[in-house]
Amino acid sequence: MEILGLTPELLVLFVSFGFMVGVLFGFFGMGGAFLITPTLLILGYPAPVAIGSGLAFYFGTSVIAVMKHYDIGHVNYKLGAILFVGLTIGIEGGRIIVFGLEEMGIASLVTGIAYVVLLAGIGSIFLRRAMAIDDTGDDTASEEDEIPAVAQKIQSYTIPPMISLVSGGRASLWTISGTGGVVGLVAGMLGVGGGFMRMPAIYYVIGTPLAAAVGTSLFAGLFSGAFGAFTYGVSGSVDLATVAVLLVGSALGARIGSAATTIVDEDDVIIYFGIMMLLASLAIGLSEIGNWLGIGLIDVLSVLLLVGSAFFVGAMVLYQVGKALRRSETPATRLVGEEH
Amino acid sequence: MLELINVPPIAQGAIVVAAITILAVGLYAGYAVVERFVGNRMLEALDDV
């Protein structure tokens with residue numbers, strides 16, 4: 001028996017996995033597509049379908065994020081529009097590369113290796129941050145509204161046409177569209193939203209204050225996500241049923257995850273998040289080795305490792321919520337009050 | 001895999017974007033209503049204690 005073309009086992013797996021990914025990424029403020037796409041790859045989805053479905057999932061989470069932050073106010077629309085053009089060209093370029101690699105029969109291998117590097121990189125950054133917190137007793141990340149020095153240096157190269165930024169600075173059209181193009185290329189090739197690259201790129205390369213970078217990233221991400229879903233949809237490479245089922249779980253999990261940020265200290269669980277990313281990287285690496293050796297059991301182990309680590313860290317966040325609520329005198333008031 | 005049969009490619013892309021938008025908006029609104037309902041019940045229960 002199949003529901004929406006999915007077996008009951010897959011249906012339960014996707015709803016619960018979507019829920020845990022939602023909890024995690026609602027808590028850590030990310031979209032989560034970079035766990036969804038590799039999971040679909042390991043489960044045997046063709047690379048274009050895994051990537052297209054990952055981008056479509058990202059688009060769904062973007063719609064929800066924008067609805068939640070519609071009053072954020074910190075959006076540089078002109079910058080967002082130029083970025084969107086660059087992102088669109090980049091995503092289309094990425095899609096063409098993926099289909100080219102698919103014709104050569106190496107799309108899964110190349111995207112798998114790229115994911116091993118990407119997830120290991122993100123995991124290392126989070127682990128480093130966790131260790132910095134342990135050393136200093138505080139997160140040393142600065143929240144300054146100033147334009148970083150590296151961005152000021154880039155802005156000093158005036159290659160016309162120059163665009164005035166709302167923050168007062170100016171950036172070359174080529175810097176903005178080039179940044180969008182590179183981020184879009186990675187997003188289109190790997191089926192990720194690219195928010196983890198887009199926001200730092202807007203801040204460090206283009207040079208806008210942090211608050212404007214977050215809002216503009218969200219704005220550009222929504223439209224580039226829509227374009228990514230559209231362009232892979234045109235190729236028939238989006239599994240709507242899988243995306244829908246994942247979104248059902250993720251939308252609920254994201255609400256709980258974002259509510260949990262007011263109750264649980266991020267510093268308490270950040271190390272687990274870094275470890276989870278490293279385990280995810282290991283899982284994809286194992287899966288590639290399993291495919292190469294033709295040992296199916298390794299693939300099963302990879303899925304267990306990838307999904308299991310996400311469940312473990314999601315459960316850790318929920319456990320910390322439960323612990324904090326038990327300590328709290330008026331738990332319901334805090335949970336409900338956060339959303340108003 | 002759920003497939004859209006006999007649908008032109010451009011329409012397939014548009015259907016994907018439209019379907020995900022509607023689903024995401026619906027999920028957001030639906031969970032918000034449930035959360036408010038459950039939250040109010042919890043507050044009422046606390047008032048009763």
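Quick look at the structure, then. These numbers were taken from a predicted model, which means no experiment stands behind them.

1. Notes on the packing of aromatic side chains
By convention here, two paired aromatic rings are described through the distance between centres and the angle between planes.
And then number 1: The final tally for this structure, using the stated rule, is five aromatic pairs over all chains.
And then number 2: Ring geometry for F126 of chain A versus F273 of chain A: centroids 4.7 Å apart, planes at 65 degrees, classification edge-to-face. In this pair, F126 of chain A is assigned in helix 5 (residues 107-136) and F273 of chain A in helix 11 (residues 266-293), connecting sequence segments 147 residues apart. Summarising the burial analysis for this pair, F126 of chain A and F273 of chain A share the class buried.
And then number 3: Taking 6.1 Å as the distance between ring centres and 80 degrees as the angle between the ring planes, the aromatic pair formed by Y272 of chain A and F312 of chain A counts as edge-to-face. Pair noted here: Y272 of chain A is in helix 11 and F312 of chain A is in helix 12 (residues 296-327), with a separation of 40 residues, a long-range link.
And then number 4: A residue is classified by how much of its surface remains accessible, and F312 of chain A, at 46% relative accessible area, is partly exposed.
And then number 5: The ring of Y28 of chain B is capped by R255 of chain A, whose NZ or CZ atom sits 5.1 Å from the centre of that ring.

2. A look at helix 7 (residues 173-190) of chain A
All names here are of chain A.
And then number 1: Compared with an ideal rise of 1.5 Å per residue, which puts 18 residues at 26 Å, helix 7 spans 26 Å between its outermost C-alpha atoms and is within 8% of the ideal.
And then number 2: Considered for burial, the residues of helix 7 that qualify are T175, I176, T179, G180, V183, G184, A187, G188, M189 and L190.
And then number 3: Regarding helix 7, its N-cap is S172, as a side-chain oxygen of that residue lies 3.1 Å from the backbone nitrogen of W174 further along.
And then number 4: In the stretch just after helix 7, G191 is the one whose phi turns positive, near 70 degrees.

How each quantity is defined
- Residues numbered from 1 in each chain as written.
- Chains lettered and ligands numbered in written order.
- Predicted model: local features only at pLDDT ≥ 70, side-chain atom pairs only at ≥ 80, totals over all residues.
- Heavy atoms only, no water.
- Phe/Tyr/Trp six-rings, centres within 6.5 Å; stacked < 30°, edge-to-face > 60°.
- Helix = DSSP H or I, 4+ residues; strand = E, 2+ residues; numbered from the N terminus.
- Buried < 20%, exposed > 50% of the residue type's maximum accessible area, 1.4 Å probe, protein only.
- Lys NZ or Arg CZ within 6 Å of the ring centre and 35° of its normal.
- Expected span 1.5 Å × (residues − 1).
- Polar contact = N/O pair within 3.5 Å; in protein donor to acceptor, adjacent residues only side chain to side chain.

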